[in-house]
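Chain residues, written in single-letter form:
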Amino acid sequence: MHRLLAPVLLTSAILATLAACNGKPSAGVGSAPKISVVATTCLVKDLVQNIGGDRVEVQSIVPCDIDPRMYTPEPRDSQKIAQAQMVFHNGLNWEGGLQKILKGQSDADRRVFSVSSGAPIDRLGAIPGELGAYDPHIWFNVTLWKYATESVRTRLSDSDPSSKAAYERRATAYMHELDTLDEYIRQHVRFVPAEQRVLVSTHTALSYFAKDYRLEFRQVPFEKMDQAQLDTLADLIVQRKIPSIFIDKDHPREGVLQLVQAVEARGGKVAVNAEIVFDVLGEPGTPAGDYVGIMKHNVDVIVEGLRSTPAKS
Ligand SMILES: [Zn+2]
């Protein structure tokens, strides 16, 4: 507990010092009351906190270690959402059971915002067979998360114009951090030989990543595949010597096991890697405790996974 508390106190001290140094009278410390914000998830909370800084008091509804799609709302969640001055959610149906509550609220007033609403529709991944539905995992594409950052900055500035300059300043700094992350990813992906730049995964989130960083994406179904589909994937893995398949540890593995067997039957070998952080965040203050941290972690996992040389069976 103390291990976590120390960095938090340190951060507060630094923020207080920065606020004192910039000489602005209404930076939020000791002046106007903070804006009470509810974020549906820890990932959205992280974004709002980065832009809102000390002007906002943000709490998230879904615990950081739970996939929001699996979350069953509790009665007190409706109350939290109703009482907050502002509510931010990812949107695109990521929040599962909470969506019903959010829809009711957003019709009633203008307090509820989706951070994905600012992303250009032609950059979103359409969900096959579901007209007008898009993949919600936009944070796997740093450019799209920058659109989300702009949305949050605009919404906070509109709702609290007296602190607009502070939101602008923090958003600019955060965009810079995201640019640095983007560059980190580009540099690391270059370490993967061109032939192996293929993300084979059960999780569509990686299609967003693949698109921006010039990797190919192939989805492995949860359930058993038909023979033609299986042959295509297994041949690809063997011919291109793709060392790893990246799975979500919570996904059914029937399709993955079938694929691994088919690869081995062809004399190849492929590792099943479940280390990518898809829909959750780690403990605050840990390397996986914020967006930039999980993305760096994920890139490292991907690059290591695609660079390794699996032993022949
Ligand atoms: Zn997901």
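Criteria and cut-off values
- Residues numbered from 1 in each chain as written.
- Predicted model: local features only at pLDDT ≥ 70, side-chain atom pairs only at ≥ 80, totals over all residues.
- Helix = DSSP H or I, 4+ residues; strand = E, 2+ residues; numbered from the N terminus.
- Expected span 1.5 Å × (residues − 1).
- Buried ≥ 20, exposed ≤ 12 C-beta atoms within 10 Å, placed from the backbone.
- Contact = placed C-beta atoms within 7 Å.
- Pairing = 2+ DSSP bridges.
- Right-handed = clockwise from strand over helix to strand, strands pointing away.
- Arc of directions from axis to C-beta.
- Axes fitted to C-alpha atoms, helices over the stretch in contact; angles between N-to-C directions.
- Parallel < 35°, antiparallel > 145°, perpendicular 65-115°, else oblique.
- Left-handed = near helix turned anticlockwise from the far one by under 90°.
- Nonpolar A, V, L, I, M, F, W, Y, C, P; charged D, E, K, R; others polar.
- Core = buried A, V, L, I, M, F, W, Y, C linked by C-beta atoms within 7 Å.
- Domains from an automatic or database assignment.
- pLDDT = per-residue confidence, 0-100.

1. Side note on helix H6 (residues 164-189)
Then, number 1: The end-to-end C-alpha distance of H6 is 37 Å, a good match for the 38 Å that 26 residues give at a rise of 1.5 Å each.
Then, number 2: All of the buried residues in H6 are Ala166, Tyr167, Arg170, Ala171, Tyr174 and Ile185.
Then, number 3: Where the residues of H6 are buried, they touch helix H2 (42-52), helix H5 (142-159) and helix H10 (291-307).

2. Let's talk about the pairing of strand S5 (residues 198-201)
Then, number 1: Bridge count between S5 and strand S6 (residues 216-219): 4 bridges; the pairing is parallel. In the strand pairing of S6, valine 200 is matched with arginine 218.
Then, number 2: Note that the unit made of S5, helix H7 (residues 205-212) and S6 has a crossover that is right-handed.

3. Details of helix H8 (residues 227-239)
Given 3.6 residues per turn, any residue in an α-helix points the same way as the ones three and four places further on.
Then, number 1: With 13 residues, H8 extends 18 Å from end C-alpha to end C-alpha; this agrees with the ideal 18 Å at 1.5 Å per step.
Then, number 2: Those residues of H8 lying buried are Leu233, Ala234 and Ile237. Along H8, the residues classed as buried sweep out an arc of 95° about the axis, all on the same side. Opposite the buried face of H8, at more than 90 degrees from it, the exposed residues are Gln227, Ala228, Thr232 and Gln239.
Then, number 3: Of the surrounding elements, those touching the buried residues of H8 are S5, S6 and helix H9 (254-265).
Then, number 4: Note on H8: the residue one or two positions beyond its end, lysine 241, has a positive phi of about 55°.

4. Remarks on the pairing of strand S2 (residues 56-60)
Then, number 1: Burial along S2 is one-sided: the face carrying Val56, Val58 and Ser60 is buried and the face carrying Glu57 and Gln59 is not.
Then, number 2: Relative to S2, strand S1 (residues 35-39) runs parallel, the two sharing 5 bridges. In the strand pairing of S2, alanine 39 is matched with serine 60.
Then, number 3: Handedness of the crossover joining S1 and S2 through H2: right-handed.

5. Regarding the sheet that holds strand S3 (residues 86-89)
Across a sheet, paired strands are connected by hydrogen bonds in the backbone, their directions being either parallel or antiparallel.
Then, number 1: Strands sit in the order S2-S1-S3-S4 across an open sheet of 4 strands; the sheet is parallel. Here the strands that pair on one side only, and so sit at the sheet edges, are S2 and strand S4 (112-114). Along the sheet, successive strands turn relative to each other by an average axial angle of 25°, direction set aside.

6. Focus on the packing of H2 against H5
Then, number 1: Interaxial distance between H2 and H5 falls to 10 Å at its minimum, and their mutual angle equals 55°. Considering their axes alone, H2 and H5 lie oblique with respect to each other. In the crossing of H2 with H5, the sense of the turn from one axis to the other is right-handed. Of the residues in H5, those touching H2 at Leu47, Val48, Ile51 and Gly52 are Ala148, Thr149, Val152, Arg153 and Leu156.
Then, number 2: Counted by class, the contact of H2 with H5 contains 6 nonpolar, 2 polar and 1 charged residues.

7. What about the nonpolar core?
Then, number 1: If you look at the biggest cluster of nonpolar residues, it comprises 69 residues, and the most contacted ones within it are Val37, Leu47, Val48, Phe88 and Leu259.
Then, number 2: Looking at this core, you find at least three residues from each of domain 1 (33-186) and domain 2 (191-307).

8. Observations regarding the confidence of the model for the protein chain
Then, number 1: Summing up the model confidence of the protein chain, the mean pLDDT is 88 and the portion of residues at 70 or higher is 88%.
Then, number 2: Every residue in residues 1-28 is under pLDDT 50, and counting partners more than four places away or in other chains gives 20 contacts.

9. A short note on the packing of H8 against H9
Then, number 1: One way to put it is that H8 packs onto H9 with a least axis distance of 9 Å and a crossing angle of 55°. The angle between the axes of H8 and H9 places the two elements in the oblique class. Along this stretch, H8 crosses H9, giving a crossing that reads as right-handed. Between H8 and H9, the contacting residues are Leu230, Leu233, Ala234, Ile237 and Val238 on the first element and Gln258, Leu259, Ala262 and Val263 on the second.
Then, number 2: Taken together, the residues of the contact of H8 with H9 break down into 8 nonpolar, 1 polar and no charged.

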